[in-house]
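Observations on the three-dimensional arrangement
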Amino acid sequence: MTETILEVKNLEANLEDGDKILKGLNLTIKAGEVHAIMGPNGSGKSTLSKILSGHPAYKVSSGSMNFLGRDLNELEANERANLGLFLAFQYPLEIAGVNNLEFLRMAYNSKQKYHGLEEADPLDFDDLVESKLEILSMKNDFLNRNLNEGFSGGEKKKNEILQMLILEPKLVVLDEIDSGLDIDALKAVANGINAYKNTGNGVLMITHYQRLLDYVVPDQVHVLSEGRIVLSGKADLALELEKKGYDILNAKLS
Amino acid sequence: METKSSSILENLNSQEYKYGFTTELETDSFPKGLSEEVINRISRIKNEPEFMLEFRLKAYKAFLKMTEPEWALLNYPKIDLQDVIYYSAPKKKIGKNSLEEVDPEILKTYEKLGIPIGEQKRLEGIAVDAIFDSVSVANTHKKALAEIGIIFCSISEAIQEHPELIKKYIGSVVPHTDNYFTALNSAVFSDGTFIYIPPNTKCPLELSTNFRINTKGSGQFERTLIICDDNSYVSYLEGCTAPAFDENQLHAAVVELVTLDNSEIKYSTVQNWYAGDENGKGGIYNFVTKRGKCAGKNSKISWTQVETGSAITWKYPSCILLGDNSIGEFYSVALTNNMQQADTGTKMIHIGKNTKSTIISKGISAGKSSNTYRGLVKMGERAKGARNYTQCDSMLIGSHCRASTVPYIEVEGDSNRVEHEASTSKISEEQLFYLQQRGISLESAIALIISGFCKDVFKELPGEFAAEANQLMSLKLENSVG
Ligand SMILES: Nc1ncnc2c1ncn2[C@@H]1O[C@H](COP(=O)(O)OP(=O)(O)O)[C@@H](O)[C@H]1O
Ligand SMILES: [Mg+2]
């Protein structure tokens with residue numbers, strides 16, 4: 001039997017002191033699977049990604065989230081990350097004065113330490129990073145800049161994928177990784193995702209567009225609306241949505 | 001919205017102060033109190049020449065007519081100067097030339113502080129002068145330096161051995177009448193460091209002084225004088241620690257720097273006095289006047305300070321840019337936590353032509369602390385083509401602290417230019433979450449953001465001290481909530 005990587009059941013969640021955003025969400029991702037989540041703006045896609053990864057602003061009021069056999073609710077954000085849950089942010093944050101390469105090494109070593117493994121010395125780490133840069137057609141000078149500071153939209157997204165490739169997580173949640181990318185950047189990012197994915201890990205892509213799915217073909221496509229997955233299907237569901245828009249939801253659900 | 005990370009940001013506590021231990025020593029201490037007799041005794045004990053006693057008494061006379069300055073954004077009870085011990089020294093003989101004479105307890109103290117002063121354990125590339133309460137207790141590498149004409153010794157010794165240099169330069173940058181605390185210091189100063197770099201000499205070692213206040217109730221009134229002659233260079237670093245006492249202790253230092261033609265002094269400070277406890281009890285009152293004079297053309301004075309300790313910091317390392325084309329720099333990180341208060345900054349006085357100055361100030365406030373940048377940029381009519389660039393950034397951690405920026409700009413003459421940038425930021429929850437999502441713990445995430453914020457200043461520190469400063473920041477902001 002294939003390993004279950006993520007199992008979300010009847011998940012309800014809200015802002016610490018606000019309205020309910022997720023209203024009974026179910027989702028199961030098995031090893032080797034690529035899932036895509038689509039859905040109108042404001043339907044709760046980013047919220048789902050943040051709740052999975054442990055953002056402190058949101059509160060789970062009922063339901064469960066199980067990741068590789070662990071209850072996510074009981075883990076701090078950094079523990080979830082170290083266990084192999086990776087979120088590529090829709091809007092990656094800029095951190096002034098923090099060198100990109102040093103940050104990458106710190107993140108890598110946090111994970112090593114968490115698993116009781118040896119930390120990478122700077123030279124070995126350089127080699128590792130070098131090999132990943134190639135996959136993304138990124139230039140070396142990226143590494144000497146400050147973390148996301150003054151990066152273009154596309155550079156920020158590539159930098160997210162670079163981090164993903166270095167940390168080798170078990171599940172990646174990519175929140176609109178394709179938004180704002182030109183064709184070359186889109187190809188590079190898709191290259192990165194395809195290099196990452198294998199039979200032992202999982203991918204959850206949040207996207208509005210078919211064009212990413214042309215490169216990274218999903219096993220399942222879900223439509224999120226008003227805090228719930230209202231429709232699931234195969235890759236062709238995305239094509240249909242692209243053609244007809246979310247109006248089809250009304251037709252299909254009525 | 002009160003979330004876990006925001007509540008942690010409110011409650012960052014400094015880790016217990018590592019250097020708060022006391023050394024049990026027999027000391028020769030004066031009784032508390034300030035009088036002409038006390039000044040006479042200090043001068044006598046040090047066997048000073050007549051001119052020095054005159055200097056002290058003149059300063060004391062001026063001091064009696066002065067009052068404590070009140071313009072700083074600082075709140076503290078009036079300091080009772082009669083309640084201070086003005087001279088305290090370890091009883092055992094002081095090792096002037098051989099460390100064998102130094103009390104082993106003192107050697108142990110420095111070892112605990114991580115500053116080996118024993119002959120075999122010298123730090124590579126660094127010569128250290130160790131000042132314990134009122135006196136210099138050890139000075140390493142002195143002989144080697146003397147061979148190339150560099151004088152690196154305690155100021156007491158310099159007064160004996162090099163009176164002509166002292167006479168010429170002491171009070172030449174900071175006159176005793178400059179302010180209340182300089183007048184006091186000029187009257188009662190006990191020890192400090194003296195450096196003279198002869199012409200055409202690049203000092204091959206980092207020179208460093210470690211100041212330790214040990215005796216309860218004793219003040220430290222150090223006096224440091226550094227002269228860099230034509231075409232020479234020296235980099236100097238001072239470090240400061242003190243035991244954790246409930247009572248406040250006064251530290252009122254005067255530092256004077258002089259650069260002659262084409263010479264440069266780089267002066268760095270890592271100040272980690274005792275800051276008092278969470279409730280503001282105890283800690284050092286740090287009232288310091290530091291000033292450099294770029295007397296020669298093309299000369300340069302660069303101040304880098306990392307201020308983390310002290311209950312009260314009142315300190316404005318300044319540059320008088322007298323020589324044409326001279327350069328003044330001020331790089332500062334001031335961190336306040338709990339109930340600490342800092343009012344610190346610089347003065348750049350442009351007098352010569354084409355003089356340049358740069359000010360980079362980073363203030364970090366946490367807890368209920370208050371952190372003020374106060375800076376003056378002054379350009380006279382004569383200073384044609386003068387330039388200043390100032391950047392003042394404040395970072396607030398939590399919502400009970402305060403940061404203020406008070407820039408004074410006085411510019412005459414239309415060929416002079418001043419540029420000023422300022423910003424205030426908070427560590428955002430989103431940034432913390434981003435870093436945590438990459439596996440980094442909350443504490444390390446905060447430390448990383450702080451070190452990024454301070455980078456432009458830390459990179460000015462010599463050698464390994466940048467790493468040390470980073471560590472110090474983390475310790476000071478370590479969250480004890482866990
Ligand atoms: N931190 C927040 N503060 C206020 N409202 C929020 C916050 N996070 C999400 N929301 C609200 O929750 C809903 C879902 O948002 P989001 O998950 O970002 O949608 P999507 O990513 O699908 O466009 C929206 O109505 C949004 O305004
Ligand atoms: Mg979104």
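Residues numbered from 1 in each chain as written. Chains lettered and ligands numbered in written order. Predicted model: local features only at pLDDT ≥ 70, side-chain atom pairs only at ≥ 80, totals over all residues. Heavy atoms only, no water.

1. Some remarks on the overall build of chain B
Per the secondary structure count, chain B includes 11 helices and 23 strands. Evaluated residue by residue, chain B yields a buried proportion of 64% over its 482 residues. Considering only residue pairs separated by 6 or more positions, chain B has 83% of its internal contacts joining residues 24 or more positions apart. As presented, chain B carries roughly 18,200 Å² of accessible surface, and 49% of it is formed by carbon and sulfur atoms. (Helix = DSSP H or I, 4+ residues; strand = E, 2+ residues; numbered from the N terminus. Buried < 20%, exposed > 50% of the residue type's maximum accessible area, 1.4 Å probe, protein only. Contact = heavy atoms within 4.5 Å. Areas by Shrake-Rupley, 256 points an atom, 1.4 Å probe, with all protein chains shown as cover.)

2. A short note on the sheet that holds strand 5 (residues 70-71) of chain A
In any sheet, the strands associate via hydrogen bonds between backbone groups, in a parallel or an antiparallel arrangement. Residues and elements named next belong to chain A. Reading across the sheet, the 4 strands line up as 2-1-4-5 and stay open at both edges, with antiparallel pairing between neighbours. In this open sheet, the two strands that pair with only one neighbour each are strand 2 (20-30) and strand 5. In this structure, strand 1 (residues 4-15) lies alongside strand 2, joined through 8 bridges in antiparallel fashion. Across the sheet, the residue bridging to Asn14 is Lys20, located in strand 2. Against the sheet, helix 1 (residues 45-53) contacts strand 1, strand 2 and strand 4 (58-67), and its axis sits at roughly 70° relative to strand 4. (Pairing = 2+ DSSP bridges. Axes fitted to C-alpha atoms, helices over the stretch in contact; angles between N-to-C directions.)

3. What about helix 10 (residues 442-458) of chain B?
All names here are of chain B. In this model, helix 10 (17 residues) spans 22 Å end to end at C-alpha, consistent with the 24 Å of a helix rising 1.5 Å per residue. Remark: the principal bend of helix 10, roughly 40°, maps to Gly452. Within helix 10, 12 of the 17 residues are buried, which leaves it mostly tucked inside the rest of the structure. Looking only at helix 10, the buried set comprises Leu442, Ala445, Ile446, Leu448, Ile449, Ile450, Ser451, Gly452, Phe453, Cys454, Val457 and Phe458. (Expected span 1.5 Å × (residues − 1). Bend = angle between axes of the 7 residues up to and from the residue.)

4. Describing the interface of chain B and chain A
Across the contact, 23 residues belong to chain B and 36 residues belong to chain A. Across the interface of chain B and chain A, roughly 2,400 Å² is buried in total on both sides, 64% from carbon and sulfur atoms. Considering only the surface of chain B that becomes buried against chain A, B:Phe433, B:Tyr434 and B:Arg438 emerge as the three largest contributors, covering 32% of it. Counting across the interface, chain B meets chain A through 1 salt bridge. Of all the secondary structure elements, the ones that give two or more residues to the side of chain B that touches chain A are helix 1 (4-10), helix 9 (429-436) and helix 10 of chain B. (Buried area = accessible area lost by both parts, 1.4 Å probe. Salt bridge = Lys/Arg side-chain N within 4 Å of Asp/Glu carboxyl O.)

5. A few points about the sheet that holds strand 8 (residues 202-206) of chain A
Residues and elements named next belong to chain A. If you trace the 6 strands from one edge of the open sheet to the other, you get 6-7-8-3-9-10, paired in mixed fashion. Each edge of the open sheet carries a strand with a single partner, namely strand 6 (85-88) and strand 10 (228-233). Strand after strand, the sheet turns through a mean of 20° between neighbouring axes, direction not considered. Relative to strand 8, strand 3 (residues 34-38) runs parallel, the two sharing 4 bridges. Bridging from a neighbouring strand, Ile37 pairs with Ile206 of strand 8. Sheet contacts for helix 6 (residues 183-196): strand 7 (171-175) and strand 8; angle to strand 8, the most-contacted strand, approximately 155°.

6. Remarks on unusual backbone geometry
Here the phi dihedral of A:Asn148 falls at roughly 60°; this positive angle occurs in a residue that is not glycine. One can find A:Asn148 in the loop between helix 4 (122-135) and helix 5 (153-167). The exposure class assigned to A:Asn148 is buried, which follows from its relative accessible area of 0%. In this structure, B:Asn231 takes a positive phi of about 55° despite not being glycine. Secondary-structure assignment places B:Asn231 in the loop between strand 8 (223-228) and strand 9 (233-241).

7. What to know about the site of ligand 1
All names here are of chain A. Around ligand 1 lies a shell formed by Leu15, Ile21, Pro40, Asn41, Gly42, Ser43, Gly44, Lys45, Ser46, Thr47 and Tyr58. Contacts to ligand 1 include Tyr58, whose side-chain N or O atom sits 2.8 Å from a nitrogen atom. When residues in the shell around ligand 1 are grouped by element, the largest group, 3 residues, is from helix 1. Its residues assigned to classes, the shell around ligand 1 shows 4 nonpolar, 6 polar and 1 charged. (Near = heavy atom within 4 Å. Polar contact = N/O pair within 3.5 Å; in protein donor to acceptor, adjacent residues only side chain to side chain. Nonpolar A, V, L, I, M, F, W, Y, C, P; charged D, E, K, R; others polar.)

8. Considering the packing of helix 10 of chain B against helix 11 (residues 465-477) of chain B
All names here are of chain B. Two elements in contact, helix 10 and helix 11, have axes whose closest approach is 10 Å; the angle formed by their N-to-C orientations is 140°. Between helix 10 and helix 11, the interaxial angle falls into the category oblique. Relative to helix 11, helix 10 is oriented so that their crossing is right-handed. The residues of helix 11 that touch helix 10, namely those facing Ala447, Ile450, Ser451, Cys454 and Phe458, are Ala466, Ala469, Asn470, Met473, Ser474 and Leu477. (Parallel < 35°, antiparallel > 145°, perpendicular 65-115°, else oblique. Left-handed = near helix turned anticlockwise from the far one by under 90°.)

9. Some thoughts on empty space enclosed by the protein
A water-sized probe, rolled over the atoms, reveals where empty space remains. Residue and element names in this part refer to chain B. Using the criterion set out here, one finds 7 cavities of 30 Å³ or more in the structure. Here the largest cavity is characterised by a volume of approximately 90 Å³. Lining the largest cavity are 16 residues, and of these Ser361, Gly363, Asn371, Thr372 and Tyr373 sit closest to its centre. At the level of secondary structure, the elements contributing two or more residues to the lining of the largest cavity comprise strand 17 (327-336), strand 19 (356-365), strand 20 (370-379), strand 21 (387-396) and strand 22 (402-411). Looking at the lining of the largest cavity element by element, the count peaks at 4 residues for strand 19. Tallied by class, residues from the lining of the largest cavity come to 4 nonpolar, 10 polar and 2 charged. (1 Å grid on protein atoms, 1.4 Å probe; cavity = no way out; pocket = protein on both sides within 12 Å on 5 of 7 lines; lining within 4 Å. Points joined across faces, edges and corners; volume = space filled by probe spheres on them.)

10. Some words on the coordination of the magnesium ion (ligand 2)
Residues and elements named next belong to chain A. Distances from the magnesium ion (ligand 2) to its protein donors, Ser46 (OG) and Gln90 (OE1), fall within 2.1 to 2.4 Å. Residue Ser46 is found in helix 1, and its partner Gln90 is found in the loop between strand 6 and helix 3 (100-114); the two are separated by 44 residues along the sequence. A relative accessible area of 17% means that Gln90 is categorised as buried. (Donors = N, O, S within 2.8 Å, 3.2 Å for Na, K, Ca; no water.)

11. Regarding the environment of B:Glu443
All names here are of chain B. For Glu443, the position within the fold is in helix 10. Judged by relative accessible area, Glu443 falls into the partly exposed class, the value being 33%. Put simply, Glu443 and Leu477 are 34 residues apart on the chain and 8.6 Å apart in space, counted from C-alpha to C-alpha.

12. Some points on the confidence of the model for chain B
The pLDDT averaged across chain B works out to 87; a share of 85% of its residues lies at or above 70. Confidence metrics for the complex model read pTM 0.87 and ipTM 0.97. (pLDDT = per-residue confidence, 0-100.)

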